[in-house]
Amino acid sequence: MQRDLDKMRRRPFFFPLVLPVLLFIALVAAAAWLFDARATTVVFVVRHAEVEAGNDPDPPLSVEGRERAARLATMLSKARPVRGLDAIFASEFRRAHQTVTPLSETLALPVNVVPSATWADLAKRITREHRGEYVLVAGNPNNIPQLVHALSGETVTVAEDDYSTMFVVFVPQVSKTKVVSLRY
């Protein structure tokens, strides 16, 4: 009986000690979630739009390609309430640059041209210089899978006749990277 009385006397002290610890754990978890959410880099990766047929090694966009570039500009200019994107990158080819030019003009952002020789370093550059920002990258079917893999570790493919796939790569600081494939 004495033991029961001792247990009853100790219980009121247990709750006041545990409550601050539980509140501290909840506060740390909420802060970590908020930090991760604010520091997530979102990278939109697209292939250049349709090009004109011919023998030109760097052909310009066709009418369909210019229409697709306009759709891309309309869609991504509204990606965030304040401003659609924070940075735009394109491969050195005219077709990639022409694909992002309507959006670049709409947002008054420069297009950062990425030479083929430095394409492998683009993922590191984006995660280092644009942490927590929204970034668009336009490339070709050969270098897009390489970039998505470098950002996320996932393997993707782009068919030679596929101009409508967009990969959205979410690169958080703490949790796992995710890739979403969309059509536009």
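Structure's up top.
Just so it is clear, the structure is predicted and the values come from calculations on it, not from any experiment.

(A) Quick look at the pattern of salt bridges. Applying the stated criterion across every chain yields a total of seven salt bridges. A salt bridge links Arg94 to Asp56; the nearest nitrogen and oxygen atoms lie 2.8 Å apart. Taken together, the positions of Arg94 in helix α3 (residues 94-107) and Asp56 in the loop between β1 (41-47) and α2 (63-76) put the pair 38 residues apart, joining distant regions of the chain. In this structure Arg94 comes out as partly exposed when scored by relative accessible area, which is 34%.

(B) How the structure looks around α2. Its 14 residues give α2 an end-to-end C-alpha distance of 20 Å, which sits within 8% of 20 Å, the value for a rise of 1.5 Å per residue. On its buried face, α2 sits against β1, α3, β4 (134-139) and β5 (165-171).

(C) How the structure looks around unusual backbone geometry. Positive phi values are uncommon outside glycine, yet Ala108 reaches one of about 55 degrees. Relative to the helices and strands, Ala108 resides in the loop between α3 and β3 (111-114). Exposure remark for Ala108: the relative accessible area of 65% places this residue in the exposed category.

(D) Spatial organisation of a nonpolar patch on the surface. A grouping of Val21, Leu22, Phe24, Ile25 and Val28 is seen on the molecular surface, where their side chains present a nonpolar patch of about 490 Å² in accessible area. Note on placement: Leu22 falls in helix α1 (residues 2-38).

(E) Spatial organisation of the sheet that holds β3. Taken in spatial order, the six strands of this open sheet run β3-β2-β4-β1-β5-β6, and their pairing is mixed. If you trace the sheet from one side to the other, it starts and ends with β3 and β6 (178-183), each paired once. On average, each strand axis in the sheet is inclined to that of its neighbour by 20 degrees, with strand direction left out of account.

Basis of the calculations
Residues numbered from 1 in each chain as written. Predicted model: local features only at pLDDT ≥ 70, side-chain atom pairs only at ≥ 80, totals over all residues. Heavy atoms only, no water. Salt bridge = Lys/Arg side-chain N within 4 Å of Asp/Glu carboxyl O. Helix = DSSP H or I, 4+ residues; strand = E, 2+ residues; numbered from the N terminus. Buried < 20%, exposed > 50% of the residue type's maximum accessible area, 1.4 Å probe, protein only. Expected span 1.5 Å × (residues − 1). Contact = heavy atoms within 4.5 Å. Patch = residues over 30% accessible without salt bridge, like charges linked within 9 Å, V, L, I, M, F, W, Y side chains within 5 Å. Areas by Shrake-Rupley, 256 points an atom, 1.4 Å probe, with all protein chains shown as cover. Pairing = 2+ DSSP bridges. Axes fitted to C-alpha atoms, helices over the stretch in contact; angles between N-to-C directions.

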